[in-house]
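Tertiary structure, described
These are the residues of each chain, in order.
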Amino acid sequence: MSGVIVTDPPKADAEDVEALAGYGVATVGEAMGRTGLLGPEIRPVQQGVRIAGTAVTVLSWPGDNLMIHAAVEQCGEGDVLVVTTTSPSTDGMFGELFATALQRRGVRGLIINAGIRDTRELREMGFAAWSRAVSAQGTVKATGGSVNVPVAVDGQVIRPGDVIIADDDGVVVVPRERARQTAEASEAREAKEAGARAAFVEGQLGLDRYGLREKLKQLGVTYRSYDEYSAGERP
Ligand SMILES: O=C([O-])CC(=O)C(=O)O
Ligand SMILES: [Mg+2]
């Protein structure tokens, strides 16, 4: 397989990335109209960590990590490495040696749509990673591929320079042109949730806060006492 290594792609503004870093994946996904989320099979190796950074993308042959080596050179401060394969793979393409090289370059973490290994070491060294699988199965360095081209993971297109946010809930991608507006929408979403939280602490119900009693009525959902229901008075 031939390929291309694209150097110096445009990236989201660092200021916008920092603004997005203040919000969790669920908030950002909601702020984007429930788009941009990678699937739930991509899980964090660690717990309690959130990262935000700009994507450096890798399209690799399955079972082959040659292009990850090529990508390390393209990575710098504030980046997140995003790796996917041309067909599904769970092989352990990435481990603590790669993480050591990336940490040295200021990379914030890894998203890999394949397998990862050395997970204990990754946690110990504080390198944040999300993967589809954990597997000790090693890989070769034999086949071409591409770095910094658009890739698709779980139906989401990720372009180099897009913003990746990842936490315990999963991973979301924000197109670089939408970074600022998404940060603003995330702030509005958090303010709305803060209002709801304060009301719930006071005992208000979602049914009343969101006008859902009317909704239930419209849907034909009725109330019955236990006795009525047991006696067979079913709607
Ligand atoms: O070397 C590899 O092929 C992957 C790995 O385990 C590491 O990066 O430590
Ligand atoms: Mg290793």
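Residues numbered from 1 in each chain as written. Chains lettered and ligands numbered in written order. Predicted model: local features only at pLDDT ≥ 70, side-chain atom pairs only at ≥ 80, totals over all residues. Heavy atoms only, no water.

Named according to an unreviewed UniProt entry, the protein is Putative 4-hydroxy-4-methyl-2-oxoglutarate aldolase originating from Streptomyces mutabilis. In its Function (unreviewed entry) section, UniProt records this for the protein: "Catalyzes the aldol cleavage of 4-hydroxy-4-methyl-2-oxoglutarate (HMG) into 2 molecules of pyruvate. Also contains a secondary oxaloacetate (OAA) decarboxylase activity due to the common pyruvate enolate transition state formed following C-C bond cleavage in the retro-aldol and decarboxylation reactions." (UniProt positions renumbered as here; feature names shortened; annotations may be inferred.)

This part covers the UniProt feature "binding site: substrate" (unreviewed entry) in the protein. Taking the UniProt record as the reference, the feature "binding site: substrate" (unreviewed entry) is found at Arg117. Summarising the element assignment, arginine 117 is placed in the loop between strand 5 (109-116) and helix 5 (119-125). Look past the residues within four positions of arginine 117 in its chain and what remains in contact with it is Gly92, Phe94, Gly95, Glu96, Leu122, Ser135, Ala136, Gln137 and Gly138. (Helix = DSSP H or I, 4+ residues; strand = E, 2+ residues; numbered from the N terminus. Contact = heavy atoms within 4.5 Å.)

Next up on the list: a nonpolar patch on the surface. Residues Phe200, Tyr210 and Leu212 make up a contiguous nonpolar surface patch of roughly 280 Å² in combined accessible area. Its place among the elements puts tyrosine 210 in the loop between helix 7 (206-209) and helix 8 (212-218). (Patch = residues over 30% accessible without salt bridge, like charges linked within 9 Å, V, L, I, M, F, W, Y side chains within 5 Å. Areas by Shrake-Rupley, 256 points an atom, 1.4 Å probe, with all protein chains shown as cover. Salt bridge = Lys/Arg side-chain N within 4 Å of Asp/Glu carboxyl O.)

Listed under "binding site: Mg(2+)" (unreviewed entry) in the UniProt record, and renumbered for this structure, are Asp118. Structurally, aspartate 118 is set in the loop between strand 5 and helix 5. By relative accessible area, aspartate 118 is classed as partly exposed at 28%. Leave out the neighbours within four places in its chain, and aspartate 118 touches Gly95 and Glu96. (Buried < 20%, exposed > 50% of the residue type's maximum accessible area, 1.4 Å probe, protein only.)

A few words now on the packing of aromatic side chains. All told, the structure shown has 3 aromatic pairs when counted by the stated rule. Centre to centre, the rings of phenylalanine 94 and phenylalanine 98 are 5.4 Å apart; their planes meet at 20 degrees, and the pair counts as stacked. Classification of phenylalanine 98 by relative accessible area gives buried; the value is 9%. Their ring planes at 25 degrees and their centres at 5.8 Å tell us that phenylalanine 94 and phenylalanine 127 sit as a pair that is stacked. Here the residue phenylalanine 94 occupies a position in strand 4 (residues 92-94), and phenylalanine 127 occupies one in the loop between helix 5 and strand 6 (129-134), the gap between them amounting to 33 residues. For phenylalanine 94, a relative accessible area of 0% gives the class buried. The exposure class of phenylalanine 127 is buried, given its relative accessible area of 3%. (Phe/Tyr/Trp six-rings, centres within 6.5 Å; stacked < 30°, edge-to-face > 60°.)

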